[in-house]
Protein chains: 4
Amino acid sequence: MYSFRNDYSEGAHPRVLQALADTNLVQTRGYGLDPYCTEAAALIRSLCAAPEAQVHFLVGGTQTNLVVLDSLLCSYEAVIAAHTGHINVHETGAIEATGHKVCTVLSPDGKLTPELVDPLVKGHSTEHMVLPRVVYISDTTETGTVYTKAELTALREYCDANGLLLFLDGARLGAALTSPENDMTLADLSRLTDAFYIGGTKNGALFGEALVMTAPCPHFRWHMKQRGAVFAKGRLLGIQFKALLEDGLYFDLARHANALAFRLRDGIAALGYPFPVPSPSNQQFPVLPNPVVSRLQEMGYEFEIDHAVDPGHTCIRLVTSWATPEQAVEEFLRDLAGC
Amino acid sequence: MYSFRNDYSEGAHPRVLQALADTNLVQTRGYGLDPYCTEAAALIRSLCAAPEAQVHFLVGGTQTNLVVLDSLLCSYEAVIAAHTGHINVHETGAIEATGHKVCTVLSPDGKLTPELVDPLVKGHSTEHMVLPRVVYISDTTETGTVYTKAELTALREYCDANGLLLFLDGARLGAALTSPENDMTLADLSRLTDAFYIGGTKNGALFGEALVMTAPCPHFRWHMKQRGAVFAKGRLLGIQFKALLEDGLYFDLARHANALAFRLRDGIAALGYPFPVPSPSNQQFPVLPNPVVSRLQEMGYEFEIDHAVDPGHTCIRLVTSWATPEQAVEEFLRDLAGC
Amino acid sequence: MYSFRNDYSEGAHPRVLQALADTNLVQTRGYGLDPYCTEAAALIRSLCAAPEAQVHFLVGGTQTNLVVLDSLLCSYEAVIAAHTGHINVHETGAIEATGHKVCTVLSPDGKLTPELVDPLVKGHSTEHMVLPRVVYISDTTETGTVYTKAELTALREYCDANGLLLFLDGARLGAALTSPENDMTLADLSRLTDAFYIGGTKNGALFGEALVMTAPCPHFRWHMKQRGAVFAKGRLLGIQFKALLEDGLYFDLARHANALAFRLRDGIAALGYPFPVPSPSNQQFPVLPNPVVSRLQEMGYEFEIDHAVDPGHTCIRLVTSWATPEQAVEEFLRDLAGC
Amino acid sequence: MYSFRNDYSEGAHPRVLQALADTNLVQTRGYGLDPYCTEAAALIRSLCAAPEAQVHFLVGGTQTNLVVLDSLLCSYEAVIAAHTGHINVHETGAIEATGHKVCTVLSPDGKLTPELVDPLVKGHSTEHMVLPRVVYISDTTETGTVYTKAELTALREYCDANGLLLFLDGARLGAALTSPENDMTLADLSRLTDAFYIGGTKNGALFGEALVMTAPCPHFRWHMKQRGAVFAKGRLLGIQFKALLEDGLYFDLARHANALAFRLRDGIAALGYPFPVPSPSNQQFPVLPNPVVSRLQEMGYEFEIDHAVDPGHTCIRLVTSWATPEQAVEEFLRDLAGC
C-alpha cells in the first residue's frame, strides 16, 4: 500500500540521479567551490533577480535553520516563530543549542502577521529580556498554508519599521510557489526576505537546500563550517539544483504533488469528511472517524496522526510528492470509500 | 592533469551509485528508520563483533565529531587532541561551539600516547580548570600515520585507569585498516574505543560516516537531531554502507588508494626527494624544491601545500583515492622526473 | 517618598553588615573554601534536616538559575516553566544561552501543577523534540503566590513518576515560608525538591543565594566556575548567611515584610480598590484608576507598573521588604486616600 | 602565621566598608541604575580621559572576561591569549562555554607581542579555521610582569593593522599601574585598548571589577544580564569604586602591596635564593629548596606552589596585598633566614 507519510519517502527524481551519474568521475574541488555549485548559484541568482545575493547549499532543513539563525543573531537576540513553527517544535532545541531563544506567537493557521508579532516585539524592551531580531516563517507552513504577496509585503514593512530581519523556511517552497493561492515568484521572495531557502529534499532532490541570502553576512561559510554544514562533496548539491532548476523541473514536480493532493482532498471531501484547516498545497488534513483510520492502517496505508479531534475522530496528515503515482491516489480513495 | 588534492574529488564508486539507483523509488520511512539502515547497521555490528553497539549514520566528519563529543562530555568537560588534530585546527571551532575546550598536546607524528597525554591529565585537578574526559585520535592521522594494536591498547588502558573515554575519528579508516603497518580489525577498534567511525566520504561513498558507539548513550539520536545531523532520507546512508561493506568493497578501494600512494612515494623517492615524515597510507608528504612545485602547478597538477620547509623547499601533500587511475600516477612521476 | 519598587532597594540588615565588619581583616582561603562558608553550610544542612545535601553560595538569582539548570540538563534536555517564570521572561535568555529550551505552560496564578505540566510532558516523545527533564517553579511565584505542602508533594510525585527533577527558585523564599498560606519548612523543601535556594538578596543580605542540592552532582563547583559563579571572596556569602540563619533573623525579616504588605493590602482594599490576583506575601498587585496612579507618581512614590487592565485602570506592583518602615506604609495609605 | 596565598584573603579596606555602611539604608534603583554607579562611572571616565567610554561594574574577573569576550566575538571568532592566560588555564573553559575558541601562543614571560601573535593570525585564513578577532592580555600578567607604553602601543598598532580588538584583563591593574616598570595611566589604557577593567577584588574592594569599554557595543547590558552578571544591588559596586578612586586610595593600596612585595623579594634574594622570572609587582616567584618549603609550611605560612623546578627545588608564589602588614613580611624573612 502507498505511504502518504511524507514527501521524502523516495530517492531523487530520475533526472537528478542521472545528473549525478553523468558527472560522477569528474574531479572537482571540495566544499562547494566547484563549477557545478558556481553554475547553480548563478542560475538561482538569475531566477531570483538578485545578482548580489549569496547562495549557499546545505544538506538539510534543521541544519539550514540553525546556521542561518545563528548567523543573523547576536548572543542576546531571539527569533520569533509561530508556536507551530518547525524550529519551535521539531528540531530538538537546535536553535536554543546555538544560544538563542525562540519566542512564540499563537497563530491560527501557522502564518505570522504584523498584528500577531507586534505585541511580542513591544513587550521586549529592557535588558532583562531577549531582544527579538528575526521573524521566522515557513512557506508552505507546517499546516500547508501559503503566504500571499500582500501578506509577505506587510511582514516586510513591519520588519523594516521595527529593525527586524525576515527569514523564510522554504523546505516546501516548491509546493508553495505552485499553489493556486500563491502569487509570488523567487524574485519576490528574494526582495521581501533577508534570507530564504529553496527546499530540494522534499521536492525531487536526493537531499539539499539552496539558501538565498540578501542580508549582509560576509563570513557565512565560517558559520556553516562551525556547525558541520560545509559538505565535503559540495558539488553534489550544485549538480542537483542545476538539474532541478535549469528548465523548471522543480516547479513541474511541485505542481504534480499539489495536483494529486487536491485530487485526494476533493475525493475525501466528496465522501463527506471535513477539512477544518483548508490547505492549498501538498499536505492535507482530513478528519476521519477512528475506525476508518484504523481500517486504512490495517490495509497498510501509512500516514501521520496529526491530533485527536474528539474521542471518536482523528485528524490525519496525507502528503503527496513528486513521486506519488496518480493510481495510488485513486486506489486510496476507492479504499476509503469502502471503509 | 590529475588532482591529488584530496580523496573526495569525485562522486561515488559505481557500485554505490548503482545501489542508490536500484532502490530509488522504493518508499521507506525517513530519518534512518528504514530497512536499509537496519541491515547496514546489523552488518557493521557483525563486522565489529559488537552485537550491542549502537550504529548511527551521519553525513560528514565535522558533524560526526561535534555530535559525538558533545554527547560524551558534560558542560565543564574537555577533549584532549594532538595539536594537529582535525577538531583543533580545521573545524572552525565546532567543538568549542558546543561549549567544550579542546586541550592540545604536541605530538611529533600526529599520534597520541599515554606518555604524551598524562602530564595534561595530571595538570587538570581543580574546579578552576576544565576536566579532560575524552581522548580524541584519528586513524589515519592528519599526517598519514597509523596506530598499531599495541599503541591503541596502551591508550585504552591509560583511559581506563584515568576515567577517560576514547574516540577515534575514522574519516580515513579504510586507508588505516589496509595499511601495511596496521594490525587491527574493526572488531579491535570496537573493543578498544568507546566510539569510532568508518569514513565513507573519503573511500567510495558519495558521502557518509558510520558511527560505532559502545559507550552508553541512550539518547544519541536526540543529540544528532539537535545539531541538524538526522538526515531526512537516512536510507541513502544505509544503502551506501551496505554496498561498501557487504562484500569487502570498502577495503578493496582503500587498498587501491594505498597502493597508488606507495607507487607515488617510491617513484618520488627514487628521484631523490625526501619524505621527512614517513606515511604508510594514502597521503604522502614529499619535500620538493620550490621551482619543481611551481612547474607541477603550471602543468595543471593540483595538490595542497603543507608547509614551507625552508626558503627553497616546500612540503606538499599528495592524496590518492579509490578513484585514482594508475596511469595518473605514472604520468605524474614521468612529469616530475622531467622537472 | 518611599519606593515600593522592589525588595532590594537598600543595602543589608545592620547585623549582616556588622558581621562583615567584624570579620573583615581575618585571612581566609578564597572561593568559598573558608570556615565561614563551612559553618553556614553546616547550619543550612541542619535546618534542612539534610545532612548529605550539597550547599553552595552564589551571588544572584539569574546566575544560580543558569548554573543549576545547566548542571541538571544534558544538551538536548529542557526545563518546564510557567509562562510567567523568571527564567522565561526576565533573564535575557540566560537558560537558552547555556543551550537549553525553556518549555512553557500557561498558568493562571504562576504556579505549576501535575495537570498543567502533564500534556507538555506527554507531547514530547521523539528525538525530533527536546526532552523535558526539570520542572522549574518559584516560591513565592512572580505574582506573590505560595505553594502548599500538598501542592509541592503532588508535583514531587508527578516528577518521580515521570523521570523529572524539581528545582525551586527561592529568590523570595523568606516571604514564602513566613506567609500565612505556607505550611512548609526548609526540611520539607529539601525533601520535596532536587534543588532549591534560600534567597538572601531580597531578604536582608547585601547579596547572595544559598543553594541546597540533593540531586547528585559531584562536579557542581566546575559548573559554577565555568559560568563565572565562584566568588573570589566566597566567605562574604558564608558570613552573611550565618548571620541571617543562626538565630532566625532571616524569618523575622520576612515576617516583617509580609506584615507590612498585608497592612498595605488591607488599607488599599478598604479604600475600595480591587486585587484581582490575591497575594499572601510581600508583593501586592492592586488595580488603580490611571489618574490615581499618576498622582502617586507625582508625589514621588516609586513602584512597578504591572500591566494595563483596561483603558482607565492599571495594575501596579507594591513590594515591601525587611527595611520598609511601618510609617512609610501608613503615609502611603493616607496619601492614597487623599487621591 | 601570615598567608601569602593571594591578594583576596581579607575583606575590604576600612574606608570602602565605611562607605557601604554610610549608604546602607538609602533607597535606590537596582541593577546599577543608581546615583552611586552614575557618579563612579563619571569619575572613571574622567580619570580615563574617555568621556564617551561605557563603564560597567561586574562582580568578578571570570565573569567579566566571559561577558566581554562574548560581546566582542561573533560565533566563529576566537580570542588569542598567552598559553599562561587566565582565560586559557584557570576559568574552567568559561570562554569555550560561550562558544569561542581560545587560540594560544607560547609566551616566555606571560606577555604578548606582535611578533608572537602574528604567525597565529597569518595561519588562520580560511573558513575551515576560526577567525582570531580579539587579543587578550593581562596587566599585570599571571607571572607578575607589566606592560610598558611602548609594548602596548605596538600591540595596538598591530591590532589596527590586522582588524583585531585588544582587551586587557586588569584584575591586578592597581599593581601594574604602580609598578616601577609602568609608564602608563588609565587614560593610556583607555586610548590603547578596546576594553579593559580596573580590578577591585584584589585591591581593596570587597569585590568588583570596573569595565571601561571604548569598542562600540550598544547592548552590553543585555550581554551582562544573559550571563547572570547584572548585579541586583549594583550600587554596592558604584559605592566601592567611588571610595577607591575619588582620592587615589586605589593607587595607594597597590603601592603598598608592591612595596612589601619588593621587600620580600629583596630579603629573599639577600638570602641567596633565585627569582628566575623577575616580577616588578605584588606577586613574587622565588625558587626554594624543598626542605625549606616544607619548613615554612610547617610553621603555618600559606602560599601557592607554582611548579617543581627540579627534584630538589620548588618555585613558590608569594602574594602581598593592600592588607599585608610590614611586620608579617619581616617575620617571614626572619623565619626564612632561620630555615
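Above: the structure in question.
Since this is a predicted model, take the numbers as computed values, not measurements. (Residues numbered from 1 in each chain as written. Chains lettered and ligands numbered in written order. Predicted model: local features only at pLDDT ≥ 70, side-chain atom pairs only at ≥ 80, totals over all residues. Heavy atoms only, no water.)

1. Digging into the packing of aromatic side chains
Throughout the structure, instances matching the rule amount to 49 aromatic pairs over all chains. Between Phe207 of chain B and Phe231 of chain B, the aromatic rings sit 5.5 Å apart at their centres with planes inclined by 75°, giving edge-to-face as the arrangement. With Phe207 of chain B in the loop between strand 6 (195–199) and strand 7 (209–213) and Phe231 of chain B in the loop between helix 10 (220–226) and helix 11 (235–245), this residue pair connects regions lying 24 residues apart in the sequence. Taken individually, Phe207 of chain B and Phe231 of chain B each receive the classification buried, so the pair is uniform in this respect. Ring-pair connections join several aromatic residues into one group, and the members of that group are Tyr2, Phe4, Tyr301 and Phe332 of chain A. We note Lys111 of chain A situated over the ring of Tyr147 of chain A; from NZ or CZ to the ring centre the distance is 5.7 Å. (Phe/Tyr/Trp six-rings, centres within 6.5 Å; stacked < 30°, edge-to-face > 60°. Helix = DSSP H or I, 4+ residues; strand = E, 2+ residues; numbered from the N terminus. Buried < 20%, exposed > 50% of the residue type's maximum accessible area, 1.4 Å probe, protein only. Lys NZ or Arg CZ within 6 Å of the ring centre and 35° of its normal.)

2. Structural notes on the interface of chain D and chain A
Across the boundary between the two partners, chain D contributes 18 residues, which contact 18 residues of chain A. When chain D packs against chain A, the two sides together hide about 1,800 Å² of surface, and 57% of this comes from carbon and sulfur. Of all residues in chain D, Tyr76, Glu127 and Trp222 of chain D give up the largest surface area on contact with chain A, accounting jointly for 41% of the area buried on that side. Counting every contact that joins chain D to chain A gives two salt bridges. The salt bridge involving Glu127 of chain D is made with Arg221 of chain A; its shortest N-O contact spans 2.5 Å. Seen at the junction of chain D and chain A, the total is twelve residue pairs in polar contact (both at pLDDT 80 or more). (Contact = heavy atoms within 4.5 Å. Buried area = accessible area lost by both parts, 1.4 Å probe. Salt bridge = Lys/Arg side-chain N within 4 Å of Asp/Glu carboxyl O. Polar contact = N/O pair within 3.5 Å; in protein donor to acceptor, adjacent residues only side chain to side chain.)

3. Concerning the interface of chain D and chain C
Contact with chain D, which involves 44 residues of that partner, is made by 44 residues of chain C. Summed over both partners, the interface of chain D with chain C comes to about 3,900 Å²; 55% of that surface belongs to carbon and sulfur atoms. When residues of chain D are sorted by the area they lose upon contact with chain C, Tyr8, Gln27 and Lys233 of chain D head the list and together hold 18% of the total. On inspection of chain D and its partner chain C, the count reaches 24 residue pairs in polar contact (both at pLDDT 80 or more). Listing elements by their share of the side of chain D that touches chain C, those giving two or more residues are helix 1 (14–22), helix 3 (61–72), helix 5 (94–97), helix 10 (220–226) and helix 11 (235–245) of chain D. Of the residues that constitute the side of chain D that touches chain C, the class distribution is 21 nonpolar, 14 polar and nine charged. (Nonpolar A, V, L, I, M, F, W, Y, C, P; charged D, E, K, R; others polar.)

4. Regarding unusual backbone geometry
Here the residue pair Asp139 of chain A and Thr140 of chain A is connected by a cis peptide bond, since its omega of 0° sits within 30 degrees of zero. Relative to the assigned elements, Thr140 of chain A resides in the loop between strand 4 (131–138) and helix 7 (149–161). A positive phi angle, near 50°, is found at Thr92 of chain B, a position not held by glycine. Here Thr92 of chain B lies in the loop between helix 4 (86–89) and helix 5 (94–97). For Thr92 of chain B, a relative accessible area of 0% puts it in the buried group.

5. As for the sheet that holds strand 4 (residues 131–138) of chain C
Working definition: the strands of a sheet are paired by backbone hydrogen bonds and lie parallel or antiparallel to each other. Residues and elements named next belong to chain C. Spatially, the seven strands line up as an open sheet ordered 1-7-6-5-4-2-3, and their pairing is mixed. If you trace the sheet from one side to the other, it starts and ends with strand 1 (54–58) and strand 3 (102–105), each paired once. The mean inter-strand angle of the sheet, taken between neighbouring strand axes irrespective of direction, is 25°. Bridge count between strand 1 and strand 7 (residues 209–213): five bridges; the pairing is antiparallel. (Pairing = 2+ DSSP bridges. Axes fitted to C-alpha atoms, helices over the stretch in contact; angles between N-to-C directions.)

6. Overview of the relation of the copies chain D and chain C
What connects the two chain copies is a rotation about an axis and a shift along it. Screw-axis analysis of chain D against chain C gives a translation of 0.0 Å along the axis, an RMSD of 0.0 Å, and a rotation angle of 180°. Those values place the two copies in the arrangement expected of a two-fold rotation axis. Taken together, the interface assignments show that 100% of the residues at the interface of chain D recur at the interface of chain C, consistent with an identical surface on both copies. (Least-squares fit on C-alpha atoms with pLDDT ≥ 70 in both.)

7. With respect to the pairing of strand 7 (residues 209–213) of chain A
Residues and elements named next belong to chain A. With five of five residues buried, strand 7 is to be regarded as a mostly interior element. Because side chains alternate across strand 7, one face comprises the buried residues Glu209, Leu211 and Met213, and the other comprises Ala210 and Val212, equally buried. Sheet topology note: the strand 6 (residues 195–199)/strand 7 ladder contains five bridges and is antiparallel. Bridge assignment links Phe196 to a residue of strand 7, and that residue is Val212.

8. Topic: helix 14 (residues 326–337) of chain D
All names here are of chain D. An ideal rise of 1.5 Å per residue puts 16 Å on twelve residues; helix 14 measures up with 17 Å between its terminal C-alpha atoms. Three or more residues of helix 14 are buried, namely Ala328, Val329, Phe332, Leu333 and Leu336. For helix 14, the buried positions fall inside an angular range of 135° around the axis, keeping them on one side. Exposed side chains of helix 14 directed beyond 90 degrees from the buried face belong to Glu326, Gln327 and Arg334. Looking at the buried residues of helix 14, the elements they touch are helix 12 (249–270), strand 9 (287–289), helix 13 (290–299) and strand 11 (313–319). (Expected span 1.5 Å × (residues − 1). Arc of directions from axis to C-beta.)

9. Digging into the sheet that holds strand 4 of chain A
Residue and element names in this part refer to chain A. Taking strand neighbours across the sheet as the criterion, the seven strands line up as 1-7-6-5-4-2-3 in an open arrangement whose pairing is mixed. Looking along the sheet, the strands with just one partner apiece sit at the ends: strand 1 (54–58) and strand 3 (102–105). Across the sheet, the mean angle separating the axes of adjacent strands is 25° when strand polarity is ignored. In the packing of helix 7 onto the sheet, contacts are made with strand 4 and strand 5 (165–169), and the angle to strand 5 comes to roughly 145°. Those strands touched by helix 11 (residues 235–245) are strand 1, strand 6 and strand 7, and its axis lies near 110° from that of strand 1.

10. So, the pattern of salt bridges
Residues and elements named next belong to chain A. Counted according to the given criterion, the structure contains 72 salt bridges over all chains. Here Lys242 ties to Glu39 by a salt bridge, and the two come within 3.2 Å at their closest N and O atoms. Within this pair, whereas Lys242 is found in helix 11, its partner Glu39 is found in helix 2 (residues 35–47), the two being separated by 203 residues in sequence. Since its relative accessible area comes to 23%, Lys242 is described here as partly exposed. Each of Arg5, Glu302 and Glu304 takes part in a single network of salt bridges with overlapping partners.

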